[in-house]
Amino acid sequence: ANGRYENISEAIDELGKLEGKIIFELDDNSPLRKKLKKYGKNYIRSFYSEKIPFGTVLEDGTRNEDIQHLSFSDNSIDLMISSDVLEHVVDINAAFEEMKRVLKPGGKHIFSIPMYDGMTRQRASIEDGRIKYILPKHYHCDPAKDGNGFILVFWDYGKDFATRFSDDRMRISIAKVPFGPDGKMVRRKIIKKLLTFISIKSILKKTYESTNYKKRKETGSMIKLRNLAVRTLTVYFIGTASDIHTA
């Protein structure tokens with residue numbers, strides 16, 4: 001978890017000043033709280049619970065939100081942040097539509113997802129209120145979650161992730177890719193690629209792209225940073241390795 005949040009933190013730093021910006025993180029107990037709490041009420045945290053109505057705001061300011069059906073108004077968020085959430089979303093297309101709806105022009109979404117070595121595939125769906133398993137049950141461990149601490153995985157995201165979910169309103173790109181001293185992509189023990197992705201929604205009609213490189217001497221890694229100003233929504237993400245339990 002530390003590695004992915006460090007990458008997300010670095011991606012946030014690349015955005016520059018966030019004063020006056022509305023920041024929405026899909027995690028009520030994120031390690032990024034210490035970094036972002038200085039923005040006060042402009043930093044909104046959320047949790048997910050089916051026990052209370054979505055959109056409910058608690059006394060501490062946290063909100064109950066479903067990324068498939070967000071309660072925010074259109075064009076109201078400057079920056080969204082999530083870490084290893086989207087693989088647990090049943091209707092991922094609805095989630096991306098909500099990103100497009102709530103982000104302001106020029107808004108961004110920085111998120112991490114575990115990356116599968118093959119092509120993107122759906123593991124499960126919900127039909128008539130019941131879970132239908134397309135592939136064997138697959139879980140990620142979340143010690144902070146109530147119950148048994150395991151969350152069902154609905155999607156395995158693969159090397160076609162960016163092209164599969166990009167369209168004329170949303171472009172998905174890798175923001176950070178760590179490499180080892182041998183020049184090969186770093187892999188975790190679960191053989192998941194460690195990548196990084198963001199979201200930019202702009203009203204510009206033309207596309208301008210510049211690419212900068214930074215060398216991380218302490219790890220021998222290379223980070224590729226993309227600064228895009230485009231008319232479409234651009235999603236930069238961080239693919240990560242997560243604790244996995246298969247039933």
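So, a few notes on the structure that sits alongside this text. (Residues numbered from 1 in each chain as written. Predicted model: local features only at pLDDT ≥ 70, side-chain atom pairs only at ≥ 80, totals over all residues. Heavy atoms only, no water.)

### Notes on the pattern of salt bridges
Applying the stated rule across the entire model yields 10 salt bridges. The partner of Asp 78 in a salt bridge is Lys 104, and the shortest N-O contact between them spans 3.2 Å. Remark: Lys 104 occurs in strand S5 (residues 103-114) and Asp 78 occurs in strand S4 (residues 77-83); sequence separation between them is 26 residues. (Salt bridge = Lys/Arg side-chain N within 4 Å of Asp/Glu carboxyl O. Helix = DSSP H or I, 4+ residues; strand = E, 2+ residues; numbered from the N terminus.)

### A word on the pairing of strand S7 (residues 124-127)
Alignment of S7 against strand S8 (residues 130-133), held across four bridges, turns out to be antiparallel. Pairing of Ser 125 across the sheet is with Lys 132, part of S8. Where S7 folds back onto S8 in an antiparallel hairpin, the turn is made up of two residues, including Asp 128, whose phi is positive at roughly 55 degrees. (Pairing = 2+ DSSP bridges.)

### Overview of unusual backbone geometry
Positive phi, close to 50 degrees, is recorded for Asn 75, a residue that is not glycine. Within the secondary structure, Asn 75 sits in the loop between strand S3 (63-64) and S4. Residue classification places Asn 75 among the partly exposed positions, given a relative accessible area of 40%. Here Asp 128, not a glycine, exhibits a phi torsion of approximately 55 degrees, which is positive. Along the chain, Asp 128 turns up in the loop between S7 and S8. Overall, Asp 128 belongs to the exposed group, its relative accessible area being 82%. (Buried < 20%, exposed > 50% of the residue type's maximum accessible area, 1.4 Å probe, protein only.)

### Section: the environment of Arg 4
Mapped onto the fold, Arg 4 is located in helix H1 (residues 2-13). Distance in space between the C-alpha atoms of Arg 4 and Ser 83 is 7.6 Å, their sequence separation being 79 residues.

### A short note on the nonpolar core
By size, the foremost hydrophobic cluster in this structure holds 29 residues, and its most contacted members are Met 80, Leu 86, Ile 92, Phe 96, Phe 161 and Phe 165. Looking at which element gives the most residues to this core, the answer is helix H3 (residues 92-102), with five residues. (Core = buried A, V, L, I, M, F, W, Y, C linked by side-chain atoms within 4.5 Å.)

### What about the packing of aromatic side chains?
Summed over the entire model, instances satisfying the criterion amount to 11 aromatic pairs. A ring pair is formed by Trp 155 and Phe 165, whose centres lie 6.2 Å apart and whose planes are at 80 degrees; its orientation type is edge-to-face. Taken together, the residues span a long stretch of sequence, with Trp 155 in strand S11 (residues 155-156) and Phe 165 in helix H4 (residues 161-165) at a distance of 10 residues. Trp 155 gets classed as buried once you look at its relative accessible area, which sits at 7%. Of the aromatic side chains, those joined through ring pairs into one cluster are Phe 96, Phe 111, Trp 155, Tyr 157, Phe 161 and Phe 165. If you follow Arg 63 out to its NZ or CZ, it ends over the ring of Phe 72, 4.2 Å from the centre. (Phe/Tyr/Trp six-rings, centres within 6.5 Å; stacked < 30°, edge-to-face > 60°. Lys NZ or Arg CZ within 6 Å of the ring centre and 35° of its normal.)

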